[in-house]
Amino acid sequence: MLIQKNRWGLLPAIVSLLIMLALSSCASKTDVVYFQNTGTYETLVDENSFTPKFKVDDLVSIHVSTLNSEASTPFNLFRGASEGGIRPEQVDYLIDKDGEIDFPVIGKLKIAGLSSEEVRALLRKELSEYLKNPIINIRLKNFTVTVLGEVRKPGTYAVNGERITILEALGLAGDLTVKGVRKNVFVLRDFDGTKVYTRIDLTKKEAMSSPVYYLTQNDVVYVEPNQSAITASALDNRATIAVSIASLLITSTILLITRTK
């Protein structure tokens, strides 16, 4: 009879604990809805003049072509020889610690801090004495962003193109979980060794004007957990301890009753 009372006596405590866990995991609408201060129909002019720039350690593909393919050949680097109809692999350029690349014939070119269009204009100027109307294709090869924290699929993602918005990056990571703080998303950016920390509120339309709305290569986005997630984690740990203690007490009671019989 004593054992049965002990078991039933634990039931209210367990039910109360489950209710607390359920309530602590709830989030209000204002915590999870994006761009809450936008109207039913509204036109937003993009005033964000973001232009991606090359950085130290970027891997850049540059290909120069003209109507006369033989004339442009010396300005392209290839790995291996063309054998059996197989085209050799083009070599990419790694921007060194001084922000420079070593371009064929021309020599050192400082391109860190420049946009693709600015590098294209620089090369046209440098190549003007060698080539007529060259076509210059430039592509950043190592554009990745990392998304961590309270998202469904944290990780590092490759980006096709020259820029990506923070919303697109979060979309690649499966969006924020209901426990992610949308009002204080943290972005870490590296400018040639200088770390810049910025926070953005995704519940406001003003986020679209933030300097980190458009991400740059190697940006890190971190979504911190809300208070309910922290509380739920703490309660889970306490519940585990409570269950262990209860199990120990029940076992001890059973052993004590067995011995006294």
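Structure shown above.
Chains are numbered independently. Their residues run from 1 in the order of the written sequence. With the structure being a predicted model, the display of local features is reserved for residues of pLDDT at least 70 and the display and counting of side-chain atom pairs for 80 or more, all residues being used for whole-chain, interface and lining totals. Only hydrogens and water are removed before side-chain values are computed, so all heavy atoms of the structure are retained for them.

Concerning the pattern of salt bridges
Logical step 1: When a carboxyl oxygen of Asp or Glu is within 4 Å of a side-chain nitrogen of Lys or Arg, the pair counts as a salt bridge. Summed over all chains, the structure comprises nine salt bridges.
Logical step 2: Notably, a salt bridge pairs Asp92 with Lys141, separated by 3.1 Å at the nearest N-O pair. Of the two residues, Asp92 sits in the loop between strand 3 (89-90) and strand 4 (93-94) while Lys141 sits in the loop between strand 7 (135-140) and strand 8 (144-149), which places them 49 residues apart along the sequence.
Logical step 3: Only protein chains enter the accessibility calculation, which uses a 1.4 Å probe; a residue is then buried when its area is under 20% of its type maximum, exposed when over 50%, and partly exposed in between. The class of Asp92 is partly exposed, set by a relative accessible area of 24%.
Logical step 4: Residue classification places Lys141 among the partly exposed positions, given a relative accessible area of 39%. Note on conventions: DSSP H or I runs of at least 4 residues are helices, E runs of at least 2 residues are strands, and numbering of each starts at the N terminus.

Structural notes on the packing of aromatic side chains
Describing an aromatic ring pair means giving the distance of the ring centres and the angle of the ring planes.
Logical step 1: Any two of the Phe, Tyr and Trp rings considered here, Trp counted by its six-membered ring, make a pair once their centres fall within 6.5 Å; the pair's planes then place it as stacked at under 30 degrees, edge-to-face at over 60, or tilted in between. Tallied over the full model, the rule gives six aromatic pairs.
Logical step 2: Geometrically, the ring pair formed by Tyr34 and Phe35 is tilted, given 6.4 Å between the ring centres and 45 degrees between the ring planes.
Logical step 3: Overall, the relative accessible area of 24% leaves Tyr34 in the partly exposed class.
Logical step 4: Taken together, a centroid distance of 5.3 Å and an interplanar angle of 80 degrees make the contact between Tyr213 and Tyr214 edge-to-face.
Logical step 5: For Tyr213, a relative accessible area of 11% puts it in the buried group.
Logical step 6: Put simply, the rings of Phe50, Tyr213 and Tyr214 touch in pairs and so form one group of aromatic residues.
Logical step 7: Throughout this description, the term charge over a ring refers to an Arg CZ or Lys NZ atom that lies within 6 Å of the ring centre and within 35 degrees of the ring normal. The cationic tip of Arg163 hangs over the ring face of Tyr214; the distance from NZ or CZ to the ring centre is 4.1 Å.

What to know about the pairing of strand 1 (residues 59-65)
Logical step 1: Where burial is concerned, most of strand 1 is hidden: five out of the seven residues are buried.
Logical step 2: Only when DSSP finds a minimum of two bridges between them are two strands counted as paired. Pairing of strand 1 with strand 4 involves two bridges; the strand directions are antiparallel. Bridge pairing in strand 4 links Leu59 to Leu94.
Logical step 3: One ladder, built from six bridges, connects strand 1 with strand 7; its direction is antiparallel. What sits directly across from Val60, in strand 7, is Leu140.

By themselves, these are just geometric observations and shouldn't be taken as functional.
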